[in-house]
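Residue-level listing of the chains:
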Amino acid sequence: MTQVSEAPERVRPRGERSLRLARLVGAKIGGGLVSLFLVAVLGFLLFRVLPGDPARAMTRGAPVSAEQLAALRHRFGLDQPLWKQFLDFLVNLLHGDLGVSYTYSRPVAELIAERFWPTVLLTGTSTVIAVLLGLWMGTRAAWRHGGTFDRLSSSVALSLWSVPTFWLGLILLMALGVGVGPLPGLFPVSGMSAPDVPPGLLPRVLDTAHHLVLPCVTMVAVVYAQYLMVMRSSLLEEMGEDYLTTARAKGLREDLVRRRHAVPNALLPTVTLIFLHLGLVVAGAITVETVFSWPGLGLLTYEALRGPDLPLLQGTFIVLAGSVIVMNILADLLYHVLDPRVRGS
Amino acid sequence: MSPILRLRDTSVSYLRDGELVPAVRGVNLSLDAGETLGLAGESGCGKTTLAMSVLHLLPRSARLDGEVLLDGHDVRTLSWGELRAARWSSASVVFQGAMHALNPVRSIGAQIAEPMRLHEGKQSESRLRERIAELLEQVELPVRRVDAHPHELSGGQRQRVMIAMALACGPRLLIADEPTTALDVVVQSQILELLGRLVSERDIALMMISHDLSVLSSSCSELAVMYQGELVEQGPTDRVMADPGHEHSRALAAAFPTVGDSRFRFAPAGTRPSEEASSAEPGSALLAARGVSVNFGSGDGIHAVREVNLEVADNEILALVGQSGSGKTTLARTLLGLQRPSSGRVLFDGAELATSTRGLRRYRGQVQLVLQDPTGALNPRHTVYEAVAEGLRIHGATSDERDRVTEALEAAELRPAESFFARFPHELSGGQRQRVVIAGALVLRPSVLVADEPVASLDATVRGEILALLLRLRVERGLSTLVITHDLGLAWTIADRVAVMYQGHIVEEGEVEQVLLNPAHDYTRTLLAAVPSLREQPATER
Amino acid sequence: MSAPATPRAIAWSRRGATLAESWRVYRRDRGGLVGLALLVVIVALAVLAPVLTDGSGLNVTRVDAAPLQPPSASHWLGTDESGRSVLLLTWWGARMSLVIGLAAAALSVVIGTVVGVLAAHFGGWTSTLLMRFTDFFLVLPALVLAIALSTVLTRGLGTIVLAIGVTSWPQTARLVRAQTLTVETRPYIERAKALGGGHRHVIGKHVLPAVLPLVFATTTLTVASAIIAESTLSFLGLGDPSRVSWGAMLKSAMDTGAVTAGAWWYLLPPGLGIAIVVLSFTLCGRALETVFNPRLRGVGA
């Protein structure tokens with residue numbers, strides 16, 4: 001009698017598995033490079049093609065002769081065909097040359113480098129706090145869903161989510177920075193350091209932290225709701241699954257059922273969503289930095305759009321969009337390492 | 001010694017919209033070590049609820065009354081701690097659908113180890129690994145798969161993992177809830193055999209739950225039949241099968257026909273008009289596949305169908321039998337023109353299938369499809385009338401729409417047709433839904449019907465009715481039908497001819513009596529031996 | 001129910017019953033009801049603003065009140081830096097938020113639905129390309145792109161709608177695609193194809209009717225985020241300079257030192273206006289989601 005096998009066995013040797021991983025990492029990075037290229041294309045289109053003649057923009061309506069305009073065009077390569085201009089732009093970009101700011105008369109790359117770390121400090125701190133807070137509250141809300149904590153945390157989150165970031169920032173600035181009525185202001189209202197800080201590392205760190213409180217609270221308040229909602233619904237979905245019944249049947253305590261089975265599984269899809277929402281954090285950074293004059297990329301963007309200083313705006317656009325894309329590639333790879341279901345397929 | 005499990009007047013009700021809805025009413029049962037009890041019943045009869053009450057795994061909305069004595073202790077009065085200690089160490093469960101019952105992101109080794117760590121206190125990692133290896137060996141899984149995740153295993157392998165997990169803490173009672181439902185017949189018989197062997201080796205009690213009486217009869221010594229929350233019959237398997245006392249038991253038994261038993265053969269060769277039989281020669285076939293192959297993916301992709309020749313003659317029912325993955329559904333889709341063959345030709349009435357959109361549309365008026373799951377096959381937003389009229393509207397035949405819909409519904413035995421017009425699918429029973437799907441196909445007056453597992457998702461008692469309807473359509477309208485099924489019993493019941501498909505090939509084809517009673521190919525024999533059949537089957541020991 | 005004459009009439013009367021049932025489910029959501037009530041009131045006030053108030057009070061040259069006055073009997077919510085009534089400004093600002101929110105959401109949802117349905121229905125490389133495109137725009141920070149667009153284009157109502165609309169569609173596209181994919185796996189799609197139905201039939205009769213309710217719920221949620229985006233753009237000075245809007249009010253409050261002067265009456269009303277409108281849309285959207293997505297029913301709070 002023929003032996004009828006139940007299905008071809010899906011065993012993969014270890015070597016093949018690491019090859020697959022390498023191929024996957026390659027594909028993700030390749031895809032990311034395409035995205036970064038698209039950002040460059042978009043940056044070129046938005047700021048070089050859409051606004052019309054950049055030479056006119058540079059003169060900002062000042063009366064200039066046709067010869068002067070032509071000379072200007074020639075100097076900036078604007079008399080070249082479009083594809084040639086794009087190629088030059090791309091080559092410059094790869095060399096880290098983002099052009100020269102109209103308003104500051106300094107290289108855009110230099111300005112961005114100065115403002116990069118303050119933004120990383122602000123968005124990094126607030127993201128970490130918001131993620132921890134959101135995941136913890138989301139887990140609690142889902143586990144006791146329908147309970148007081150769930151209803152309260154969901155409504156608070158929903159209300160905060162409905163508030164524009166910058167308005168919350170203005171309110172906090174007025175209430176805790178300037179002070180209301182007899183109450184004095186508790187926190188500095190602008191910048192990231194006071195002019196009269198005593199020398200030494202510790203005082204400087206404390207001073208920066210003091211300045212960080214209000215912008216950070218503002219960002220956390222608006223962003224954590226996202227994470228709460230995502231974690232809550234992800235866990236609620238997981239809670240209906242059969243394998244939790246299996247876990248209970250095995251005699252696991254409820255809190256172990258939750259800690260060992262439900263929460264880790266619910267966290268996996270949440271990871272991706274956290275990174276997908278990074279764009280929102282960046283959006284928040286622009287307005288929060290504007291409100292609190294935090295010397296980061298957001299404030300730089302605001303200064304650029306007031307000009308409008310197109311090379312500067314182009315620079316911040318490319319850097320902000322590029323960093324979000326890079327973070328997302330990293331998140332995607334992380335997800336593939338964490339989740340065995342996608343790891344295998 | 002007291003029995004391992006004793007149920008005394010056990011009842012379970014669910015709280016729904018402020019009302020208690022009874023699911024199980026006053027069940028009395030007792031089970032001793034080494035005993036095997038089969039609990040049979042249709043979906044919704046309360047059998048799973050009853051099983052879950054043994055470990056008190058019911059949802060919060062459930063109320064449990066009466067006594068459930070597990071090892072002499074009433075689970076209702078145990079504290080949570082005592083109950084948790086009893087779970088898995090006194091009684092464990094093999095759940096239905098192992099894909100969902102296993103945690104998708106933990107390795108199977110870790111999941112098998114979990115209850116051992118929990119119930120047996122500290123033990124060395126190496127000892128634990130040894131025992132997991134032992135368990136995997138017992139369920140005939142390669143030990144090196146211990147780090148695999150559920151999605152990397154086949155359905156049968158996952159079910160083996162569930163069994164290994166259930167045996168991990170040496171329980172005295174094993175509850176198996178539809179352990180083989182989603183599996184192929186061959187795998188099903190392997191799992192049942194494994195389960196039976198392990199249970200008898202360890203002298204533990206087994207309570208097996210299934211809607212399929214033949215599965216239970218081949219593996220349990222006692223049978224209990226449940227109907228609307230009550231036990232309507234209980235006794236030794238032999239007695240219940242040979243002489244069912246309750247009419248529901250009789251209906252259940254009849255729904256799983258025995259191959260070779262002439263009582264179950266609805267379509268003896270004689271019913272076919274003889275002049276039609278002669279038209280079944282090659283060439284005059286109504287619908288034919290000639291050397292059809294279907295490959296998925298490029299290059300070394302999957303060869304789902306390989307070089308198949310198949311003919312459906314005028315006025316005949318042909319059963320295409322095979323396991324899932326044998327390529328039978330792909331072949332059916334190809335015959336319907338829903339899938340383009342990689343090579344070979346599909347002929348209808350001697351002419352090759354059109355490739356143009358319009359030509360295909362005309363063809364589809366002639367060959368119609370009936371799907372396995374009538375619940376999914378009907379758009380939940382469309383009324384019965386719209387569902388049946390859909391084909392007419394696509395083909396622009398709307399002038400006498402109402403009359404034709406009425407006629408089709410009545411041909412599918414939904415009478416009076418008008419009373420069904422305004423209903424939505426969710427207001428119909430499973431059998432009625434399948435009749436609506438059939439009516440939706442009939443309304444185009446096709447000459448061939450392709451039915452893909454037409455009764456597989458229906459309750460046992462409704463199956464016979466739908467099969468009888470297909471048969472009547474052939475007799476009364478001369479409608480040819482290609483029935484695709486994994487169930488040899490179904491082929492025996494209604495088909496004139498049968499074709500057996502295995503790994504993309506048709507390995508055997510011929511008259512039903514010839515193929516099923518004197519199988520020529522090894523694979524057909526394997527299939528026949530694997531059918532968990534009643535006593536007449538020589539393959540089983542009983 | 002009296003016996004209707006034609007089957008089509010039956011079908012429609014049954015659909016009416018379904019609608020009534022949906023309303024019954026919606027009514028159970030208290031948040032949804034509150035949101036709906038608030039929206040009705042706000043929309044009515046916004047539409048009737050020219051009738052109920054005197055629009056000339058918005059013109060800086062026509063006012064004679066002192067600047068930055070706290071609330072008083074004549075100016076219930078005080079005055080702004082040029083002496084205009086904050087109440088009047090807030091009232092008229094609602095019109096701008098609603099118009100832009102609705103228009104931008106409509107644009108965004110139309111793009112998203114078309115991309116989503118096409119990507120799911122046709123599959124193959126069309127789908128791959130569309131989804132890559134969608135994913136690219138999904139991770140791209142929408143506000144940054146919107147800022148860029150509204151900087152380089154001429155300021156105006158149309159520009160803001162465009163800037164928000166073309167940057168916020170990817171979520172809808174993903175959602176619609178996912179929903180379409182689930183619908184397409186249903187056997188009734190296979191049945192429709194076997195009956196001879198082409199792409200138009202499958203999309204028109206089966207996919208769209210199944211997807212649209214969810215799209216409707218999403219639109220409501222998109223309006224909420226579009227209003228936030230509008231206020232943010234206006235706050236950054238990218239709005240239509242000729243019209244009153246809540247974001248622009250907050251911008252002048254910041255620029256003219258009203259915040260540091262503690263002029264809370266100037267700061268609170270426009271912000272609360274945004275928050276209330278956004279919250280109402282969000283509440284309605286979530287309630288609609290529960291109605292149209294039975295999977296959420298009973299699970300969601």
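Thresholds applied
Residues numbered from 1 in each chain as written. Chains lettered and ligands numbered in written order. Predicted model: local features only at pLDDT ≥ 70, side-chain atom pairs only at ≥ 80, totals over all residues. Heavy atoms only, no water. UniProt positions renumbered as here; feature names shortened; annotations may be inferred. Helix = DSSP H or I, 4+ residues; strand = E, 2+ residues; numbered from the N terminus. pLDDT = per-residue confidence, 0-100. Contact = heavy atoms within 4.5 Å. Buried area = accessible area lost by both parts, 1.4 Å probe. Salt bridge = Lys/Arg side-chain N within 4 Å of Asp/Glu carboxyl O. Phe/Tyr/Trp six-rings, centres within 6.5 Å; stacked < 30°, edge-to-face > 60°. Buried < 20%, exposed > 50% of the residue type's maximum accessible area, 1.4 Å probe, protein only. Polar contact = N/O pair within 3.5 Å; in protein donor to acceptor, adjacent residues only side chain to side chain. Patch = residues over 30% accessible without salt bridge, like charges linked within 9 Å, V, L, I, M, F, W, Y side chains within 5 Å. Areas by Shrake-Rupley, 256 points an atom, 1.4 Å probe, with all protein chains shown as cover. Expected span 1.5 Å × (residues − 1). Arc of directions from axis to C-beta. Pairing = 2+ DSSP bridges. Axes fitted to C-alpha atoms, helices over the stretch in contact; angles between N-to-C directions.

### What to know about the UniProt feature "transmembrane region" (unreviewed entry) in chain C
All names here are of chain C.
So, step 1. Cross-referencing UniProt, the feature "transmembrane region" (unreviewed entry) maps to residues 32-52, 98-122, 142-167, 207-229 and 263-288 in the present numbering.
So, step 2. End C-alpha to end C-alpha, residues 207-229 measures 31 Å, and it is 100% helix and 0% strand.
So, step 3. As a span, residues 263-288 carries 96% helix and 0% strand, and end to end its C-alpha atoms are 39 Å apart.

### Re the confidence of the model for chain C
All names here are of chain C.
So, step 1. When the pLDDT values of chain C are averaged, the result is 86; 95% of them are 70 or greater.
So, step 2. No element of chain C has a lower mean pLDDT than helix H1 (residues 7-27), at 79, and none a higher one than helix H6 (residues 157-165), at 93.
So, step 3. Across residues 297-301, where pLDDT falls below 50, the model places nine contacts with residues more than four positions away in sequence or in other chains.
So, step 4. Confidence estimates for the predicted assembly give a pTM of 0.82 and an ipTM of 0.87.

### Comments concerning the interface of chain B and chain C
So, step 1. Of the residues lining the interface, 34 residues belong to chain B; the matching set on chain C comes to 27 residues.
So, step 2. Summing both partners gives a buried area of about 2,500 Å² for chain B against chain C, and 54% of it is carried by carbon and sulfur.
So, step 3. Of all residues in chain B, Arg381(B), Glu390(B) and Ile394(B) bury the most surface against chain C, accounting for 20% of the area lost on that side.
So, step 4. Across the contact surface, chain B and chain C share two salt bridges.

### Looking at the packing of aromatic side chains
So, step 1. Applying the stated criterion to the full structure yields 17 aromatic pairs over all chains.
So, step 2. Judged by centre distance (6.1 Å) and plane angle (75 degrees), the ring pair of Phe37(A) and Phe86(A) falls under edge-to-face. Of this pair, Phe37(A) sits in helix H1 (residues 14-49) while Phe86(A) sits in helix H4 (residues 82-94); the two residues are 49 residues apart in sequence, bridging distant segments of the chain.
So, step 3. Centroid distance Phe137(C) to Trp169(C): 5.8 Å. Interplanar angle 45 degrees. Geometry classified as tilted. Taken together, the positions of Phe137(C) in helix H4 (residues 124-139) and Trp169(C) in the loop between H6 and helix H7 (170-185) put the pair 32 residues apart, joining distant regions of the chain. With respect to burial, Phe137(C) and Trp169(C) carry one shared label: buried.
So, step 4. Grouping aromatic residues by their ring pairs yields a cluster made of Phe37(A), Phe44(A), Phe86(A) and Phe89(A).

### Focus: the interface of chain A and chain C
So, step 1. Across the boundary between the two partners, chain A contributes 48 residues, which contact 47 residues of chain C.
So, step 2. With both sides pooled, the region where chain A packs onto chain C buries about 4,000 Å², and carbon together with sulfur makes up 81% of that total.
So, step 3. Ranking the residues of chain A by area buried against chain C places Phe166(A), Trp167(A) and Met174(A) at the top, with a combined share of 15%.
So, step 4. Counting across the chain A and chain C interface gives zero salt bridges.
So, step 5. Joining chain A to chain C, the criterion identifies two residue pairs in polar contact (both at pLDDT 80 or more).

### Some thoughts on the UniProt feature "domain: ABC transmembrane type-1" (unreviewed entry) in chain C
So, step 1. UniProt records the feature "domain: ABC transmembrane type-1" (unreviewed entry) at residues 94-285 of chain C, using the numbering of this structure.
So, step 2. Regarding residues 94-285 of chain C, the helix share stands at 82% and the strand share at 0%, and the terminal C-alpha atoms are separated by 19 Å.

### A short note on the pattern of salt bridges
Close approach of charged atoms allows side chains with opposite charge to pair.
So, step 1. Enumeration according to the criterion identifies 44 salt bridges over all chains in this entry.
So, step 2. Between Glu201(B) and Arg197(B) there is a salt bridge; the shortest N-O distance is 3.2 Å. Placement of both Glu201(B) and Arg197(B) in helix H7 (residues 185-202) is noted, with a separation of four residues, approximately one turn of the helix.
So, step 3. For Glu201(B), a relative accessible area of 53% puts it in the exposed group.
So, step 4. Shared partners join several salt bridges into a network, and the residues in it are Lys250(A), Arg260(A), Arg106(B) and Glu114(B).

### Focus: a nonpolar patch on the surface
So, step 1. Where nonpolar side chains cluster on the molecular surface, the patch consists of Val41(C), Val43(C), Leu45(C), Val47(C), Leu48(C), Val51(C) and Leu52(C) and spans about 610 Å² of accessible area.
So, step 2. Structurally, the position occupied by Leu52(C) is in helix H2 (residues 30-52).

### A closer look at H7(C)
Residues and elements named next belong to chain C.
So, step 1. Helix length check: H7 (16 residues) gives 23 Å between terminal C-alpha atoms against 22 Å at 1.5 Å per residue, within 8%.
So, step 2. Buried within H7 are the following residues: Pro170, Thr172, Ala173, Val176, Thr180, Val183 and Glu184. Projection of H7 onto a plane perpendicular to its axis shows the buried side chains occupying an angular sector of 145 degrees, all on one side.

### Let's talk about the environment of Ala417(B)
Residue and element names in this part refer to chain B.
So, step 1. As for its position among the elements, Ala417 is in the loop between helix H16 (401-411) and helix H17 (418-421).
So, step 2. By relative accessible area, which is 0% here, Ala417 ends up buried.
So, step 3. In this structure, the C-alpha to C-alpha distance between Ala417 and Thr406, residues 11 residues apart in sequence, is 5.4 Å.
So, step 4. Among residues more than four places away in sequence, those in contact with Ala417 are Thr406, Leu409 and Glu410.

### Points about the sheet that holds strand E6 (residues 91-94) of chain B
All names here are of chain B.
So, step 1. One open sheet accounts for six strands, arranged E6-E7-E8-E3-E9-E10; its pairing is mixed. Where the open sheet ends on each side, the last strands, each with one partner, are E6 and strand E10 (230-236). Taken over all neighbouring pairs, the strand axes of this sheet differ in orientation by 15 degrees on average, direction set aside.
So, step 2. The strands that helix H6 (residues 155-167) touches are E6 and strand E7 (173-177); relative to E6, the one it contacts most, it runs at about 175 degrees.
So, step 3. This element, helix H10 (residues 247-255), spans strand E3 (36-40), strand E9 (222-227) and E10 of the sheet and lies at about 105 degrees to E9.

### Side note on the pairing of strand E19 (residues 497-502) of chain B
All names here are of chain B.
So, step 1. Where burial is concerned, most of E19 is hidden: six out of the six residues are buried.
So, step 2. Going residue by residue along E19, you find Arg497, Ala499 and Met501 tucked away on one face and Val498, Val500 and Tyr502 tucked away on the opposite face as well.
So, step 3. Pairing of strand E13 (residues 317-321) with E19 involves four bridges; the strand directions are parallel. Opposite Ala319, over in E19, you have Val498 as the bridge partner.
So, step 4. Judged from the six bridges that link them, E19 and strand E20 (residues 505-511) form a sheet pairing that is antiparallel. Opposite Arg497, over in E20, you have Glu511 as the bridge partner.
So, step 5. Count of turn residues in the E19/E20 antiparallel hairpin: two residues, of which Gln503 carries a positive phi of about 50 degrees.

### So, helix H12 (residues 297-306) of chain A
The α-helix winds at 3.6 residues per turn, so residues separated by three or four positions along the chain end up facing the same way.
So, step 1. In terms of residue burial, H12(A) counts as a mostly covered element, since eight of its 10 residues are buried.
So, step 2. Buried residues of H12(A): Leu297(A), Gly298(A), Leu299(A), Leu300(A), Thr301(A), Tyr302(A), Ala304(A) and Leu305(A), and no others.

### Observations concerning the sheet that holds strand E12 (residues 302-312) of chain B
Through backbone hydrogen bonds, the strands of a sheet pair up, either in parallel or in antiparallel fashion.
All names here are of chain B.
So, step 1. Strands sit in the order E12-E11-E14-E15 across an open sheet of four strands; the sheet is antiparallel. One side of each edge strand has no neighbouring strand; the edge strands of this open sheet are E12 and strand E15 (351-352).
So, step 2. With two bridges joining them, strand E14 (residues 343-348) and E15 adopt antiparallel strand pairing. When the bridges of E15 are listed, Phe348 appears paired with Ala351.
So, step 3. Each of strand E11 (287-296), E12 and E14 is contacted by helix H12 (residues 328-335), which is oriented at about 120 degrees to E11, the strand it contacts most.

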